[in-house]
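Chain by chain, the residues run as shown.
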Amino acid sequence: MKRYFFGFVVCAALGVLLFIKGMDLRALGTDVDRDGIGISFLGMEIADRVHESEIPAHAKSFFVASGITSLIGLAFLSLPFVKSRKTV
């Protein structure tokens, strides 16, 4: 049971961080110089130069990744209950 809860907590935290990064990119808007911006997440560089027109697509990608990660976390949380039903 503890393993599944730990998986849920990790996935939930990662989902929140991905959502916050998406919101940061969305709020960035047009505050970009002509060379573009670099996007990094958790200390890893994702893109070196992203032009202003591509920022919304990257923000949407972070939102989608956040949703998928949250769904995986919910699956971790529900796994013990599914296993307990099969043993009965």
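Rules of the game
- Residues numbered from 1 in each chain as written.
- Predicted model: local features only at pLDDT ≥ 70, side-chain atom pairs only at ≥ 80, totals over all residues.
- Heavy atoms only, no water.
- Helix = DSSP H or I, 4+ residues; strand = E, 2+ residues; numbered from the N terminus.
- Buried < 20%, exposed > 50% of the residue type's maximum accessible area, 1.4 Å probe, protein only.
- Contact = heavy atoms within 4.5 Å.
- Areas by Shrake-Rupley, 256 points an atom, 1.4 Å probe, with all protein chains shown as cover.
- Phe/Tyr/Trp six-rings, centres within 6.5 Å; stacked < 30°, edge-to-face > 60°.
- Pairing = 2+ DSSP bridges.
- Core = buried A, V, L, I, M, F, W, Y, C linked by side-chain atoms within 4.5 Å.
- Patch = residues over 30% accessible without salt bridge, like charges linked within 9 Å, V, L, I, M, F, W, Y side chains within 5 Å.
- Salt bridge = Lys/Arg side-chain N within 4 Å of Asp/Glu carboxyl O.

Enquirer: Can you help me understand the overall build of the protein chain in this one?
Expert: Helices and strands together make up the secondary structure of the protein chain, namely 2 helices and 2 strands. Element order for the protein chain, N to C, with α for helix and β for strand: α-β-β-α. Split into buried and exposed, the 88 residues of the protein chain put 25% on the buried side. Taking all contacts inside the protein chain whose residues are at least 6 apart in sequence as the whole, residues at least 24 apart take part in 57%. Roughly 6,500 Å² of accessible area belongs to the protein chain as shown, and the carbon and sulfur atoms make up 65% of that amount.

Enquirer: Honestly, the packing of aromatic side chains in this entry has me stumped. Any pointers?
Expert: Taken as a whole and assessed by the stated rule, the structure comprises 3 aromatic pairs. Ring centres 6.2 Å apart and planes at 40 degrees place the aromatic pair Phe5 and Phe8 in the tilted group. Here the residue Phe5 and the residue Phe8 both occupy positions in helix H1 (residues 2-28), the gap between them amounting to 3 residues, near one helical turn.

Enquirer: Sorry, what's going on with the pairing of strand E2 (residues 44-50) here?
Expert: Where a strand is regular, its side chains alternate between the two sheet faces. Two elements, strand E1 (residues 37-41) and E2, share 4 bridges in a ladder whose sense is antiparallel. Following the sheet pairing, Ile39 is matched in E2 by Ala47.

Enquirer: What am I meant to see in the nonpolar core here?
Expert: A general trend in soluble globular proteins is that nonpolar side chains are found buried together. The biggest cluster of nonpolar side chains holds 11 residues, and these are Leu18, Leu25, Val32, Ile37, Ile39, Phe41, Ala47, Val50, Ile55, Ala59 and Phe62. Listing elements by their share of this core, those giving two or more residues are H1, E1, E2 and helix H2 (55-87). Those residues in contact with Ala59 that sit more than four places away from it in its chain are Gly22, Leu25 and Arg26.

Enquirer: Before we go on, may I ask you to explain the side chain of Thr69 in this structure?
Expert: Locating Thr69 in the fold gives a position in helix H2. When residues no more than four places from it in sequence are discounted, the contact partners of Thr69 are Cys11, Leu14, Gly15 and Leu18.

Enquirer: Which parts of the structure should I look at to understand a nonpolar patch on the surface?
Expert: Together, Leu14, Val16, Leu17, Ile20, Leu42 and Met44 line one region of the surface with nonpolar side chains, adding up to about 540 Å² of accessible area. Relative to the helices and strands, Met44 resides in strand E2. Residue class for Met44 comes out exposed when judged on its relative accessible area of 55%.

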